[in-house]
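The residues making up each chain are set out below.
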Amino acid sequence: QVQLVESGGGLVQSGGSLRLSCAASGSIRSIKRMGWYRQAPGKQRELVATITKSGATDYLVSVKGRFTISRDNPKTTVYLQMNSLKPEDTAVYYCHVQDESIDGSTYFNYWGQGTQVTVSS
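Cut-off values and rules
- Residues numbered from 1 in each chain as written.
- Predicted model: local features only at pLDDT ≥ 70, side-chain atom pairs only at ≥ 80, totals over all residues.
- Heavy atoms only, no water.
- Pairing = 2+ DSSP bridges.
- Helix = DSSP H or I, 4+ residues; strand = E, 2+ residues; numbered from the N terminus.
- Axes fitted to C-alpha atoms, helices over the stretch in contact; angles between N-to-C directions.
- Salt bridge = Lys/Arg side-chain N within 4 Å of Asp/Glu carboxyl O.
- Buried < 20%, exposed > 50% of the residue type's maximum accessible area, 1.4 Å probe, protein only.

Caption draft 1: Expanded view of the sheet that holds strand E7 (residues 67–71). The strand order across the open sheet formed by 4 strands is E1-E3-E8-E7, and the pairing between neighbours is antiparallel. In this open sheet, the two edge strands, each paired with only one partner strand, are strand E1 (2–7) and E7. Neighbour-to-neighbour, the strand axes of this sheet turn through a mean angle of 15°, independent of strand direction. Here 6 bridges tie E1 to strand E3 (residues 18–26), and the two strands are oriented antiparallel to one another. Its bridge partner lying in E3, Glu6 is registered against Cys22.

Caption draft 2: Spatial organisation of the pattern of salt bridges. Evaluation of the coordinates by the stated rule reveals 5 salt bridges. Salt-bridge contacts for Lys53 lead to Glu100; the nearest nitrogen and oxygen are separated by 2.8 Å. Residue Lys53 is found in the loop between strand E5 (46–52) and strand E6 (57–59), and its partner Glu100 is found in strand E9 (residues 91–100); the two are separated by 47 residues along the sequence. Judged by its relative accessible area of 38%, Lys53 is partly exposed. Among the ionic contacts, a cluster of salt bridges with common partners joins Arg38, Glu46, Arg66 and Asp89.

Written out as structure tokens, the structure reads:
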């Protein structure tokens, strides 16, 4: 089992910045990708940013140029630097880790507990 611990959410004014962190621990096999999703009230959860094992990144169109996903050298902690925040970025942000078996035949998905990000106008 893999545990994810998130931190860094909070309340910020429009135009401000926040940095989210998510540390993975436990029985990690081989992390295929790490990422951040968010869910605003009354809306579906959406993918915000991902980073793969090889370091390739992908972003939700509305956050490109404002958010940056990165990870530490052991590749067990993922970060989301959020700049120029807007009220529409307000949501609960969830860390996601996709772990794979050594032979690559099975994937395991893990989620963080969620951290609230609120951007005031």
